[in-house]
Amino acid sequence: MSPAPARTATAIAVLFALNLVAGPAGAWPFGAAKPAATAPTPSSTAKPAAPTAAALAARRKSSPEERAAADRLDLLARSAFWAKEVDVDPTDAQAGVEFATAMRLMGRNAEAAEAVQKILIVDPKNLDALLESARDYVALNKGFYAIEPLKQAMAIAPRDWRPVSLMGIAREQNQQPDEAHAAYLQALALSPDNPAVLSNLALWCATHHDTAQAETLLRRAVAQPGATARERQNLALVLGMQGKMADAEHIMRDDLPPEIADNNLNYLKAVSGVPK
């Protein structure tokens, strides 16, 4: 049990939001490009100019190899790439989902939700689009609206742990803690020792004042081969909420720049009542 359960629940609840967006908010100015200066109107007899090679390239879809390479771009460049692909073919499901994901990772959650809805209009059974739609609503803290696309995703892929784990977060946001807990357990049954699922279940335990169980689950999560900094930082937070500041600091400083680690540690000390 945490010595300060109310503060612990508040602090860990923040993590549910923080764990949904894996990148800083951005302000990439997507939209219509600035129009070029208007050229004189050609005569009705003039032949149209032949399109340049660059213009032709801009009108075609990228190859599978080019799309695979886009995953290695930085976030802003990746966003621009997929924005162009959507412009070429607004019904391209892969492009629409990738563009929405990039928007969400930049913190532009409403735009992400709008982008993926356009794909679901033309392809309502697209699993990736349903999952992205749910992630966008959860990122907006509107878990209620994520429930229906997640139900559809679970019907399409009943053995896939991802919609079930997301359902847990959506139910938590919808103030259905028992249903959220059941969803996390179901996801863990589908994907045993999955670090992301273990982490979500641990955060549920922490918000319900069982930080000892949360620590156990997170130590199990970080021991898995697929564990990321996210799981480690969740462990650091739970350790800090229990007053184990030295252990929390050690984990934080392994993953975070000094100034961010300092800010996080000061926050933990404030919510847990530990003197700075």
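## Here's the deal with the packing of helix α11 (residues 195–207) against helix α12 (residues 211–222)
Here's step 1: Close contact between α11 and α12 brings their axes to 8 Å; oriented N to C, the two are set at 170°. Considering their axes alone, α11 and α12 lie roughly antiparallel with respect to each other. Of the residues in α12, those in contact with Pro195, Leu198, Ser199, Leu201, Ala202, Cys205 and Ala206 of α11 are Thr211, Gln213, Ala214, Leu217, Leu218, Arg220 and Ala221.
Here's step 2: A per-class count over the contact of α11 with α12 returns 10 nonpolar, 3 polar and 1 charged.

## Considerations on α12
Here's step 1: Here α12 is 12 residues long and its end C-alpha atoms lie 16 Å apart, about the 16 Å a rise of 1.5 Å per residue gives.
Here's step 2: If you check which residues of α12 are buried, you get Thr211, Ala214, Glu215, Leu217, Leu218 and Ala221.

## Notes on the side chain of Ser165
Here's step 1: Tracing the sequence through the fold places Ser165 in helix α9 (residues 161–173).
Here's step 2: Residue classification places Ser165 among the buried positions, given a relative accessible area of 3%.
Here's step 3: Here the side chain of Ser165 touches Asn200 through a polar contact of 2.9 Å, side chain to side chain.
Here's step 4: Excluding anything up to four places from it in sequence, Ser165 contacts Tyr184, Ala187, Val197 and Asn200.

## What about the packing of aromatic side chains?
Here's step 1: As enumerated under the stated definition, the model contains 3 aromatic pairs in all.
Here's step 2: On the basis of an interplanar angle of 90° and a centroid distance of 5.0 Å, the ring pair of Phe81 and Trp82 is categorised as edge-to-face.
Here's step 3: The exposure class assigned to Phe81 is buried, which follows from its relative accessible area of 15%.
Here's step 4: When its relative accessible area of 0% is taken as the criterion, Trp82 is described as buried.
Here's step 5: Measuring from ring centre to ring centre gives 5.9 Å for Tyr137 and Tyr145, while their planes differ by 40°; the resulting arrangement is tilted.
Here's step 6: Relative accessible area serves as the criterion here: at 48%, Tyr145 is assigned to the partly exposed category.
Here's step 7: Through pairs of rings, three or more aromatic residues link up here, namely Tyr137, Phe144 and Tyr145.
Here's step 8: For Lys84, the ring lying beneath its charged end belongs to Phe81, and the centroid distance is 5.9 Å.

## Description of unusual backbone geometry
Here's step 1: Backbone geometry places Gln175, a non-glycine residue, at a positive phi of 60°.
Here's step 2: Relative to the helices and strands, Gln175 is located in the loop between α9 and α10 (177–190).
Here's step 3: Phi at His209 is positive, roughly 70°, even though this residue is not glycine.
Here's step 4: Position of His209 relative to the elements: it lies in the loop between α11 and α12.

## Examining the environment of Ala155
Here's step 1: Looking at where Ala155 falls in the secondary structure, it is placed in helix α8 (residues 143–156).
Here's step 2: By relative accessible area, which is 63% here, Ala155 ends up exposed.
Here's step 3: As a C-alpha pair, Ala155 and Lys125 span 30 residues in sequence and 9.9 Å in three-dimensional space.

## Regarding the pattern of salt bridges
Here's step 1: If you walk through the whole model with that rule in mind, you get 17 salt bridges.
Here's step 2: Residue Asp89 pairs with Lys61 through a salt bridge whose shortest N-O separation is 2.9 Å. Of the two residues, Asp89 sits in the loop between α4 (75–88) and α5 (93–105) while Lys61 sits in the loop between α2 (53–59) and α3 (64–70), which places them 28 residues apart along the sequence.
Here's step 3: Residue class for Asp89 comes out buried when judged on its relative accessible area of 18%.
Here's step 4: Judged by relative accessible area, Lys61 falls into the partly exposed class, the value being 40%.
Here's step 5: Here Asp262 and Arg253 are joined by a salt bridge, their closest N and O atoms 2.6 Å apart.
Here's step 6: Using a relative accessible area of 33% as the deciding quantity, one classes Asp262 as partly exposed.
Here's step 7: We classify Arg253 as partly exposed; its relative accessible area is 36%.
Here's step 8: One continuous salt-bridge network, built from bridges that share partners, spans Lys61, Arg67, Lys84, Glu85, Asp89 and Asp92.

What counts, and where the lines are drawn
- Residues numbered from 1 in each chain as written.
- Predicted model: local features only at pLDDT ≥ 70, side-chain atom pairs only at ≥ 80, totals over all residues.
- Heavy atoms only, no water.
- Axes fitted to C-alpha atoms, helices over the stretch in contact; angles between N-to-C directions.
- Helix = DSSP H or I, 4+ residues; strand = E, 2+ residues; numbered from the N terminus.
- Parallel < 35°, antiparallel > 145°, perpendicular 65-115°, else oblique.
- Contact = heavy atoms within 4.5 Å.
- Nonpolar A, V, L, I, M, F, W, Y, C, P; charged D, E, K, R; others polar.
- Expected span 1.5 Å × (residues − 1).
- Buried < 20%, exposed > 50% of the residue type's maximum accessible area, 1.4 Å probe, protein only.
- Polar contact = N/O pair within 3.5 Å; in protein donor to acceptor, adjacent residues only side chain to side chain.
- Phe/Tyr/Trp six-rings, centres within 6.5 Å; stacked < 30°, edge-to-face > 60°.
- Lys NZ or Arg CZ within 6 Å of the ring centre and 35° of its normal.
- Salt bridge = Lys/Arg side-chain N within 4 Å of Asp/Glu carboxyl O.

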